[in-house]
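The chain contents come next:
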Amino acid sequence: MAVISRGFHGRARDKGHELPPGQYETTGFPVLSAGPTPVVSLDDWEFTVRTETGVRYSWNWQELMALPSETPTVDIHCVTKWSKFGTRWQGVSLDVLLADVESGAEYALVRSYGDYTTNLPLEDLLDGKAWVAYRFDDEELPAEHGGPARLLVPHLYFWKSAKWVSGIQLLDEEEQGFWETVGYHNYGDPWREQRYQGD
Amino acid sequence: MTTEPGFLDGNAAAGDLESLFGADMTTAAGQCQGCGLRMRLAEAHAYLGGPGTVLRCPGCEDVLLRMVRSPNHLWLDASGLDYLRLPAAAG
Ligand SMILES: [Zn+2]
């Protein structure tokens, strides 16, 4: 009599997704905030890049909408241990926004409307790895999830994907952001479980 | 720019703070470094459930205190407070 084992496959693996260490899958989209939700009118919205030499580049909402967009479908991983598979976004690649920006900087400090900031190496914003996203699941991005526009850097823990993004400061020296100054990791790779400093 | 609140009152962070200071934090008081408002911490606006605990000033929404608990460390930034006044242990 042959016993056929189906083996041990997690449900997540069957769908072609993998969970980083220490994470669990959620189908909801938890709302986590470190402060009040800023309400930014599209007339006032602006995205600004400042280089390490002080040169300023900015885009208003119409200018952002006029840029070519992409529709990435990505898995996202929150440091509070939930992961969400196959999230669908629309946004402008940072490759497009930074194409004409002259900089030799190695680091970026991302700023949001409100007082949120987060840091990461500049190279992690380039080569198709990051977007300024303004639609989620075929809808305008709701304010509680970071609308009008948020950063999307899905290969790092989701606190790096700053909600209500307002700009990026390019820096020669690393400067820590809101969570990084109280113990969170400067890089935050979920596959190496870099949650806290020293991980 | 306007903002929409999404906070709990400071009592929601009482357990976290008590484990840190070893005193009943709901009767603790402080002064906002940003706007000078004096308050009981129970009146502060607490944002919980994210990567850490954040207390904000009920007057100006500036951060008063941030606290993060990792497996090996407890991180605290209370630089948004001019002072923090704790009750002395009873007895
Ligand atoms: Zn204040």
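Predicted model, so just to flag it, every value in this text is computed and none were measured.

Considerations on the coordination of the zinc ion
Residues and elements named next belong to chain B.
(1) Moving on: On the protein side, the zinc ion has Cys32 (SG), Cys35 (SG), Cys57 (SG) and Cys60 (SG) as donor atoms, found 2.3 to 2.4 Å from it.
(2) Moving on: Every donor residue of the zinc ion comes from the same chain, spaced as C-x2-C-x21-C-x2-C. Residue Cys35 is located in the loop between β3 (29-32) and β4 (38-40), and its partner Cys60 is located in the loop between β6 (53-56) and β7 (63-69); the two are separated by 25 residues in the primary sequence.
(3) Moving on: Since its relative accessible area comes to 42%, Cys35 is described here as partly exposed.
(4) Moving on: Residue Cys60 is classed as partly exposed on the basis of its relative accessible area of 28%.

Things to note about the confidence of the model for chain A
(1) Moving on: Taken residue by residue, chain A gives an average pLDDT of 93. The fraction at 70 or more is 92%.
(2) Moving on: Predicted confidence is poor over residues 1-14 of chain A, with pLDDT under 50, and the contacts of this stretch with residues over four places away or in other chains come to six contacts.

Re the side chain of His17(A)
Residue and element names in this part refer to chain A.
(1) Moving on: On the secondary structure map, His17 appears in the loop between α1 (11-14) and β1 (24-25).
(2) Moving on: His17 sits in the buried class, given a relative accessible area of 19%.
(3) Moving on: At 2.8 Å, the side chain of His17 and the side chain of Asp75 are in polar contact.

Looking at the environment of Val74(A)
Residue and element names in this part refer to chain A.
(1) Moving on: Relative to the assigned elements, Val74 resides in strand β5 (residues 73-77).
(2) Moving on: The spatial distance from the C-alpha of Val74 to the C-alpha of Phe85 is 6.7 Å, given a sequence separation of eleven residues.
(3) Moving on: What Val74 contacts, discounting residues up to four positions off in sequence, is Lys84, Phe85, Gly86, Thr87, Trp89, Leu152 and Pro154.

What about unusual backbone geometry?
All names here are of chain A.
(1) Moving on: Pro148 follows Gly147 through a cis peptide bond whose omega is 15 degrees.
(2) Moving on: Considering the arrangement of structural elements, one finds Pro148 in the loop between β10 (139-140) and β11 (150-152).
(3) Moving on: With a phi angle near 50 degrees, Glu193 is a residue other than glycine that sits in the positive phi range.
(4) Moving on: With respect to the helices, strands and loops of the structure, Glu193 is situated in the segment after β12 (165-171).

A short note on the layout of surface pockets
(1) Moving on: Computed from the structure, the largest pocket encloses a volume of approximately 490 Å³.
(2) Moving on: If you go around the largest pocket, you meet 33 residues; those closest to its centre are Leu32(A), Ser33(A), Ala34(A), Lys163(A) and Trp164(A).
(3) Moving on: Split by residue class, the lining of the largest pocket holds 19 nonpolar, seven polar and seven charged.
(4) Moving on: Considering only enclosed or pocket space, the second largest pocket measures out at about 270 Å³ in volume.
(5) Moving on: In terms of lining residues, the second largest pocket is bounded by 18 residues, among which Tyr184(A), Tyr196(A), Gly50(B), Pro51(B) and Arg69(B) are the most central.
(6) Moving on: Residue contributions to the lining of the second largest pocket peak at three residues, all from β7(B).
(7) Moving on: Class assignment of the residues belonging to the lining of the second largest pocket gives a composition of eight nonpolar, five polar and five charged.

A word on the sheet that holds β6(B)
Residues and elements named next belong to chain B.
(1) Moving on: With respect to topology, five strands assemble into an open sheet ordered β2-β5-β6-β7-β8, the strand pairing being antiparallel. Two strands in the sheet have a free side with no partner beyond their single neighbour: β2 (8-9) and β8 (74-77).
(2) Moving on: The strands that helix α1 (residues 14-21) touches are β6, β7 and β8; relative to β7, the one it contacts most, it runs at about 75 degrees.

Considerations on the interface of chain A and chain B
Many descriptions give the size of an interface as the accessible area lost when the pieces come together.
(1) Moving on: In this complex, chain A contributes 22 residues to the contact, which on the side of chain B involves 21 residues.
(2) Moving on: Summing the contributions of chain A and of chain B, the shared interface buries around 1900 Å²; its carbon and sulfur component is 65%.
(3) Moving on: For chain A, the biggest contributors to the area lost against chain B are Pro36(A), Trp179(A) and Val182(A); these three give 29% of the whole.
(4) Moving on: Viewed at the interface, chain B and chain A are joined by one salt bridge.
(5) Moving on: One salt bridge in this structure joins Asp115(A) and Arg56(B), with 2.9 Å as the shortest N-O distance.
(6) Moving on: Where chain A packs against chain B, one counts six residue pairs in polar contact (both at pLDDT 80 or more).

Some points on the packing of aromatic side chains
(1) Moving on: Here the structure, examined in full by the defined rule, presents 17 aromatic pairs over all chains.
(2) Moving on: Both rings, one in Trp89(A) and one in Phe158(A), keep their centres 6.5 Å apart while their planes meet at 50 degrees; by these two values the pair is tilted. With a gap of 69 residues between them, Trp89(A) in strand β6 (residues 82-93) and Phe158(A) in the loop between β11 and β12 connect regions that are remote in the sequence. Pair check on accessibility: Trp89(A) and Phe158(A) agree, each one buried.
(3) Moving on: Within the aromatic cluster, the residues linked to one another by ring pairs are Tyr116(A), Tyr157(A), Trp159(A), Phe178(A), Trp179(A), Tyr184(A) and Tyr196(A).
(4) Moving on: The residue whose ring lies beneath Arg56(B) is Tyr47(B), and the NZ or CZ to ring-centre distance is 5.8 Å.
(5) Moving on: The positively charged end of Arg66(B) is found above the aromatic ring belonging to Phe178(A), 5.0 Å away from the centroid.

Rules and cut-offs
- Residues numbered from 1 in each chain as written.
- Chains lettered and ligands numbered in written order.
- Predicted model: local features only at pLDDT ≥ 70, side-chain atom pairs only at ≥ 80, totals over all residues.
- Heavy atoms only, no water.
- Donors = N, O, S within 2.8 Å, 3.2 Å for Na, K, Ca; no water.
- Helix = DSSP H or I, 4+ residues; strand = E, 2+ residues; numbered from the N terminus.
- Buried < 20%, exposed > 50% of the residue type's maximum accessible area, 1.4 Å probe, protein only.
- pLDDT = per-residue confidence, 0-100.
- Contact = heavy atoms within 4.5 Å.
- Polar contact = N/O pair within 3.5 Å; in protein donor to acceptor, adjacent residues only side chain to side chain.
- 1 Å grid on protein atoms, 1.4 Å probe; cavity = no way out; pocket = protein on both sides within 12 Å on 5 of 7 lines; lining within 4 Å.
- Points joined across faces, edges and corners; volume = space filled by probe spheres on them.
- Nonpolar A, V, L, I, M, F, W, Y, C, P; charged D, E, K, R; others polar.
- Pairing = 2+ DSSP bridges.
- Axes fitted to C-alpha atoms, helices over the stretch in contact; angles between N-to-C directions.
- Buried area = accessible area lost by both parts, 1.4 Å probe.
- Salt bridge = Lys/Arg side-chain N within 4 Å of Asp/Glu carboxyl O.
- Phe/Tyr/Trp six-rings, centres within 6.5 Å; stacked < 30°, edge-to-face > 60°.
- Lys NZ or Arg CZ within 6 Å of the ring centre and 35° of its normal.

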